[in-house]
Amino acid sequence: MLIKTPADIKASEITDRSVYLQRRQFLHTAGLLGAGLAVSLPGLALAGVRQKLAFSKNRAFSTSEEPTEPGKITAYNNFYEFGTDKYSPAKLAQKLTTRPWSVTIAGEAEKTGVFDLEDILRKQPLEERIYRLRCVEGWSMVIPWVGFPLGDLLKTFSPTSKAKYVEFTTLARPSEMPGLSRRVLDWPYVEGLRIDEAMHPLTLLAVGLYGEELPNQNGAPLRLVVPWTYGFKSIKSIVKIRFTEQQPLSSWSRANSREYGFYSNVNPEVAHPRWSQKRERRIGEFLKRRTLMFNGYAEQVASLYSGMDLKKYF
Ligand code: MTE
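Quick look at the structure, then. Just so it is clear, the structure is predicted and the values come from calculations on it, not from any experiment. (Residues numbered from 1 in each chain as written. Predicted model: local features only at pLDDT ≥ 70, side-chain atom pairs only at ≥ 80, totals over all residues. Heavy atoms only, no water.)

Describing the site of the ligand
No. 1: What surrounds the ligand is a group of 15 residues, the closest being Asn77, Tyr80, Glu81, Arg223 and Lys236.
No. 2: One of the side-chain N or O atoms of arginine 223 is found 2.7 Å from an oxygen atom in the ligand.
No. 3: Serine 234 places a main-chain nitrogen or oxygen 2.9 Å from a nitrogen atom of the ligand.
No. 4: Here the ligand, which alone exposes 540 Å², has 98% of that area covered by the protein. (Near = heavy atom within 4 Å. Polar contact = N/O pair within 3.5 Å; in protein donor to acceptor, adjacent residues only side chain to side chain. Areas by Shrake-Rupley, 256 points an atom, 1.4 Å probe, with all protein chains shown as cover.)

Next comes the structure, spelled out in structure tokens:
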């Protein structure tokens, strides 16, 4: 499925040695080679073969539901920077350069600056968590992510008392993202969380799925996963994290605030202005199922919103 044998590899796919060495360095700093789990074949890195990751399984934070087939998770995507139809990202995102990758930390924190993803990953032990993902469009999947809690990373920058929200920004590189030529959204893609949502132990920064590095179409090399909100909150290919005092304006709210609010909690009682949210189609299943409040995570997250009118703050 994801692994190619040497006989399948075209000359055009063979990686330049300098890129290969960079990749070795990444794996080394991420602790993968040390763990002896990464199968790193010379010339294969970055050539469409994703590295296996070393991680522990976090069962307490995982659903026991059957994960969606990997081929469906990686073929049916929303990543508008690569086009608005579901099948374009899998084709067009393959050229995205995801190494080296840096993340800018800005705003209301004691420590800010530009950080190399390798340095970030060196300090974050990875775990697998199987989460439901519910898209606002009415479909859902179950995805075994590999990542680390966002809050663990945010704390290392010592946010100040003015940090009430966190804003996230996706890469906008027109040379590699053909979808940017159409202004379907105001690029770059921006999302935001309230600081307590960002610090919640369920909120994950994912670097992989099904035990391997994230495919580009799923948001490589670093994407957010907020399992109780509609999928559009789970911003992909993050290049900037900014602590703010004011509520950030997300790309979707900017595009259409009547349809897409800041909180975006999965809520079967609040219909999208153009369709009901009461039911969903699990990808790979025929019959629709009932959508659960907070996507089934109510026990863990409902207290974040106690006292709020969720019809107003949707
Ligand atoms: N992030 C960026 N940068 N651009 C996007 O278009 N789409 C969002 C979200 N993150 C999107 C994004 C939407 S609408 C969904 S449903 C999920 O990504 C889909 O994630 P998946 O393709 O990994 O299933």
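Digging into the side chain of arginine 99
No. 1: Here arginine 99 shows up in the loop between helix 3 (88-92) and strand 2 (102-107).
No. 2: Classification of arginine 99 as buried rests on a relative accessible area of 12%. (Helix = DSSP H or I, 4+ residues; strand = E, 2+ residues; numbered from the N terminus. Buried < 20%, exposed > 50% of the residue type's maximum accessible area, 1.4 Å probe, protein only.)

Regarding the nonpolar core
No. 1: Residues Trp145, Phe148, Phe168, Leu224, Trp228 and Phe243 are the most contacted members of the largest nonpolar core, which totals 76 residues.
No. 2: The leading source of residues in this core is strand 5 (residues 139-149), at six residues.
No. 3: Here tryptophan 145 is in contact with Glu127, Glu128, Arg129, Tyr131, Leu133, Leu204, Ala206, Gly208, Leu209, Leu214, Arg223 and Val225, once residues within four sequence places are set aside. (Core = buried A, V, L, I, M, F, W, Y, C linked by side-chain atoms within 4.5 Å. Contact = heavy atoms within 4.5 Å.)

What to know about the pairing of strand 6 (residues 165-170)
On a regular strand, one side chain projects to one face of the sheet and the next to the other, so that they alternate.
No. 1: Across the six residues of strand 6, six count as buried, placing the element largely inside the fold.
No. 2: Here five bridges tie strand 6 to strand 7 (residues 190-194), and the two strands are oriented antiparallel to one another. What sits directly across from threonine 169, in strand 7, is valine 190.
No. 3: In terms of strand pairing, strand 6 meets strand 11 (residues 238-244) through six bridges, oriented antiparallel. Bridge pairing in strand 11 places threonine 170 opposite isoleucine 238. (Pairing = 2+ DSSP bridges.)

A look at unusual backbone geometry
No. 1: Here the amide bond leading from arginine 99 into proline 100 is cis, since omega sits at -10°, within 30 degrees of zero.
No. 2: By the secondary structure assignment, proline 100 is in the loop between helix 3 and strand 2.
No. 3: In this structure, the amide linkage connecting tryptophan 187 to the following residue, proline 188, adopts the cis form with an omega of -5°.
No. 4: Backbone geometry at serine 264 places phi at a positive 55°, although glycine is not the residue there.
No. 5: Mapping serine 264 onto the fold places it in the loop between helix 7 (251-255) and strand 12 (279-282).
No. 6: At asparagine 295, a residue that is not glycine, the phi angle is positive and equals roughly 60°.

Points about the environment of valine 142
No. 1: Mapped onto the secondary structure, valine 142 falls in strand 5.
No. 2: Taking the C-alpha atoms as reference, valine 142 lies 8.3 Å from arginine 282; in sequence the two are 140 residues apart.
No. 3: With near-sequence residues (within four places) excluded, valine 142 lies in contact with Thr63, Glu65, Glu66, Pro67, Thr68, Ile73, Ile130, Tyr131, Arg132 and Arg282.

Regarding the pattern of salt bridges
When the charged atoms of two side chains with opposite charge come close together, those side chains can pair.
No. 1: Under the defined criterion, the tally for this structure stands at 21 salt bridges.
No. 2: Here glutamate 69 makes a salt bridge to lysine 72, at a shortest N to O gap of 3.4 Å.
No. 3: Of the residues examined, glutamate 69 reaches a relative accessible area of 49% and is grouped as partly exposed.
No. 4: Given a relative accessible area of 29%, lysine 72 falls into the partly exposed group.
No. 5: Between lysine 278 and glutamate 269 there is a salt bridge, with the nearest N and O atoms lying 3.5 Å from each other. (Salt bridge = Lys/Arg side-chain N within 4 Å of Asp/Glu carboxyl O.)

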